Amino acid sequence: MKVVALAGGVGGAKLADGLARCLAPQELTLVVNTGDDFLHFGLKICPDLDTVCYTLAGLANPETGWGRAGETWNTLRALEALGAPTWFQLGDQDLATHLERTRRLAEGETLSEVTRFFCQQWGIRHRVLPMSDQPVRTIVETDIGDLPFQEYFVKYRFEPSVRGFRFEGIAQATAAPGVLEALADCDVVIFCPSNPWVSIDPILAVPGVREALLRARVVAVSPIVGGRALKGPAAKMFAEIGIPPSAQAVALHYGSLLKGFVYDRADVAEEPAVRSLGLRTLVTDTVMRSPADRRRLAEEILDFARRELIP
Ligand code: FO1
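These lines cover the structure that appears in this document, whether it is placed above or below. Numbering of residues starts from 1 in each chain and follows the order in which that chain's sequence is written. pLDDT decides what is reported in this predicted model: residues at 70 or higher carry local features, side-chain atom pairs at 80 or more are listed and counted, and totals for whole chains, interfaces and linings draw on all residues regardless. In computing side-chain values, all of the structure's heavy atoms are included and hydrogens and water are not.

**Notes on the packing of aromatic side chains**
Part 1 of the reasoning: Pairing of aromatic rings covers Phe, Tyr and Trp, the last through its six-membered ring, and needs centres within 6.5 Å; plane angles under 30 degrees mean stacked, over 60 mean edge-to-face, and all others mean tilted. Scanning all chains against the criterion turns up 13 aromatic pairs.
Part 2 of the reasoning: Seen from their ring centres, Trp197 and Phe238 are 5.1 Å apart, and the 65° between their planes marks the pair as edge-to-face. A residue pair is termed long-range when its members are at least 10 positions apart, and Trp197 in helix H8 (residues 196-205) and Phe238 in helix H10 (residues 234-241) qualify at 41 residues. Assigned by exposure class, Trp197 and Phe238 land together as buried.
Part 3 of the reasoning: A connected cluster of aromatic rings, assembled from ring pairs, spans Tyr54, Phe117, Phe118 and Trp122. The helix and strand labels rest on DSSP assignments: H or I over at least four residues marks a helix, E over at least two residues marks a strand, and numbering proceeds from the N terminus. Relative accessibility under 20% of the residue-type maximum defines a buried residue, over 50% an exposed one, and the middle range a partly exposed one, all with a 1.4 Å probe and only protein chains included.

**Focus on the nonpolar core**
Part 1 of the reasoning: Judged by nonpolar contacts, the single largest core of 53 residues is most densely connected at Leu6, Val189, Phe191, Leu204, Leu213, Leu258 and Phe261.
Part 2 of the reasoning: Whether two residues are in contact is decided by their heavy atoms: any pair within 4.5 Å suffices. In this structure Phe191 touches Leu6, Ile200, Leu204, Leu213, Val218, Val219, Ala220, Val221, Tyr254, Leu257 and Leu258, once residues within four positions along its chain are discounted.
Part 3 of the reasoning: Grouping buried Ala, Val, Leu, Ile, Met, Phe, Trp, Tyr and Cys residues that are joined through side-chain atoms within 4.5 Å yields what is termed a nonpolar core. Core analysis: the next-biggest nonpolar cluster, separate from the first, contains 41 residues, Leu56, Leu111, Ile301 and Ala305 among them.

**Description of the site of the ligand**
Part 1 of the reasoning: The criterion for a residue being near a molecule or strand is simple. One of its heavy atoms has to lie within 4 Å of it. Around the ligand, the structure places 13 residues, and the nearest of them are Asp36, Asp48, Phe88, Gln89 and Gln150.
Part 2 of the reasoning: What qualifies as a polar contact is a pair of N or O atoms within 3.5 Å, subject to a donor-acceptor requirement within protein and to the restriction that residues adjacent in sequence count only when both atoms come from side chains. Between the ligand and Trp66 there is a distance of 3.4 Å, counted from a nitrogen atom to a side-chain nitrogen or oxygen.
Part 3 of the reasoning: In the complex, the protein chains occlude 90% of the 540 Å² of accessible area that the ligand would expose alone.
Part 4 of the reasoning: In this analysis, the protein atoms alone were mapped onto a 1 Å grid. Cavities are point sets where a 1.4 Å probe fits without being able to get out; pockets are open sets with protein on both sides within 12 Å along at least five of seven lines; lining residues have an atom within 4 Å of a point. Molecule-in-pocket calls rest on the fraction of atoms, with more than half required to lie within 2 Å of the cavity or pocket grid points. With respect to the detected pockets, the ligand is housed in the largest pocket.
Part 5 of the reasoning: Classification convention: Asp, Glu, Lys, Arg as charged; Ala, Val, Leu, Ile, Met, Phe, Trp, Tyr, Cys, Pro as nonpolar; all other residues, Gly among them, as polar. Here the shell around the ligand is composed, by residue class, of seven nonpolar, three polar and three charged. Calculation of accessible area relied on Shrake-Rupley with a 1.4 Å probe; when residues are assessed, cover is drawn exclusively from the protein chains displayed.

Here it is in structure tokens:
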């Protein structure tokens, strides 16, 4: 079975890892959000790509889900002593990733090429693609003004009230090599339980992606469980946009793109509302606390897709 999964941050990376444990390398392509990317100390930082890659490689920090396990913080402490901005925590090993990526990009490599090289070095055999090789910047429009995503998320700890989002540079961006081809040639597309507004929507906004998805079988996994986001501001964003956060709200957000929808047993009371949208549904335990949970959820989603979606 050929699968494409769209993923953003930590929740997306966990399901991506579960899928990689179930599928052969040639069966899985991961398309990762790059709207969170930014320049910091002159370095190109790609948090979602790194979170997905570190997780697949078994290098991720198990406590935070982002950054590397066994990290040291000498450079950050030295920066602090110089009075430099330290709101974004860059560990010493993680810094090596950003330094080498920035060096390679300056030499003329594309982000896809650098990502492919890192995957080889880290022993990742499944295909990991950035959504685009051109820079796209997610801007969160808030009550205190427009904020680049990492400032909203990390510096302001997603406290400002959200009014909207825009993806700067998206009109000039093109899908990275292989993205549209993978979407056209797969059995199922899975939207991982990532934030719909700022992790999946930027990928959907890349020219050509929505059109390709209209011809695909798409299953989304709800990141909202019991009216709350497992991690991060997804539920708060729904509420501030004026939509009560729920599994059904996630399904409605993706609308006619979806053929199938996976949501948590905690939200089983929403079954009639979700079913009224005309979707095939799978209600299961979606919270991934361990690598075994990731694999089990991935297996259940793949079985569901085989059974209910693929003729
Ligand atoms: N998230 C935080 O909440 N605080 C941080 O200081 C932080 C640093 C960081 C460094 C490298 C990296 O790859 C990710 C990092 N993240 C941090 C996570 C990141 O902001 C989010 O996971 C994503 O951008 C959300 O999708």
